[in-house]
Amino acid sequence: MKLSKFSKSLLKKAVESSLKRDANTTTCSTIYQPVAPVALKKFSKINDK
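Residues numbered from 1 in each chain as written. Predicted model: local features only at pLDDT ≥ 70, side-chain atom pairs only at ≥ 80, totals over all residues. Heavy atoms only, no water.

Student: Which residues make up the overall build of the chain, and what are the values?
Tutor: Assigned secondary structure in the chain consists of one helix and zero strands. Counting the 49 residues in the chain, one finds 0% classified as buried. In the structure as shown, the chain presents an accessible area of about 5,300 Å², 64% of it carried by carbon and sulfur atoms. (Helix = DSSP H or I, 4+ residues; strand = E, 2+ residues; numbered from the N terminus. Buried < 20%, exposed > 50% of the residue type's maximum accessible area, 1.4 Å probe, protein only. Areas by Shrake-Rupley, 256 points an atom, 1.4 Å probe, with all protein chains shown as cover.)

Structure, rendered in C-alpha cells:
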C-alpha cells in the first residue's frame, strides 16, 4: 500500500492526537474515582443481599 508523504504525515498526526486524548481521559478516570454517599443507597433499585 503506497501513501504519499502528505497522507503519512496527516495519518501520523491524527494517531498521535488520538493517543494523547485517550491517554488523558483514561488517566483521569483511573486516578479520580468518586465514592457515592451512603445516603444514596436507599434510592437504589438493586437489592444487595
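Still more to cover.
Student: If you had to explain a nonpolar patch on the surface to someone new, which residues and values would you point to?
Tutor: Nonpolar side chains collect at one region of the surface, where Leu-3, Leu-11, Val-15 and Leu-19 lie side by side and expose about 360 Å² of accessible area between them. Relative to the helices and strands, Leu-3 is located in the segment before helix H1 (5-31). Residue Leu-3 is classed as partly exposed on the basis of its relative accessible area of 36%. (Patch = residues over 30% accessible without salt bridge, like charges linked within 9 Å, V, L, I, M, F, W, Y side chains within 5 Å. Salt bridge = Lys/Arg side-chain N within 4 Å of Asp/Glu carboxyl O.)

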